[in-house]
Amino acid sequence: MKLDWITPQQAAVKWGISDRRIQTLCSNGQVDGAVRLGRGWLIPKDIPRPIDGRTKAAKDLKAAREKR
């Protein structure tokens, strides 16, 4: 059986940020394809790390991705 989902804890290791930050990103709708399951989140394992958006460089990167 192939698992196409990861937990916030697994995403935290993969993306190098805290699992609480990932939960916040999921609840704000910033993680594409994240699904709420009970009290937890399931995240598609092949999506890239979402853009943080708190810095100018991140805002520029986000604008560049939206133009594609």
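The rules behind each value
- Residues numbered from 1 in each chain as written.
- Predicted model: local features only at pLDDT ≥ 70, side-chain atom pairs only at ≥ 80, totals over all residues.
- Heavy atoms only, no water.
- Pairing = 2+ DSSP bridges.
- Helix = DSSP H or I, 4+ residues; strand = E, 2+ residues; numbered from the N terminus.
- Core = buried A, V, L, I, M, F, W, Y, C linked by side-chain atoms within 4.5 Å.
- Buried < 20%, exposed > 50% of the residue type's maximum accessible area, 1.4 Å probe, protein only.

**A few points about the sheet that holds strand S1 (residues 5-6)**
Phase 1: Read across the open sheet, the three strands follow the order S1-S3-S2; overall the sheet is antiparallel. Only two strands of the sheet have a single neighbouring strand rather than two, namely S1 and strand S2 (35-37).
Phase 2: Relative to strand S3 (residues 40-44), S1 runs antiparallel, the two sharing two bridges. Looking across to S3, one finds that isoleucine 6 is bridged to isoleucine 43.

**What about the nonpolar core?**
Phase 1: Ile6, Ala11, Ala12, Trp15, Ile17, Ile22, Leu25, Cys26, Val31, Trp41, Ile43 and Ile47 form the largest nonpolar core, which has 12 residues in total.
Phase 2: For this core, the secondary structure elements donating two or more residues are helix H1 (8-15), helix H2 (19-27) and S3.

In short, the description is geometric, and any link to function would need to be established separately.
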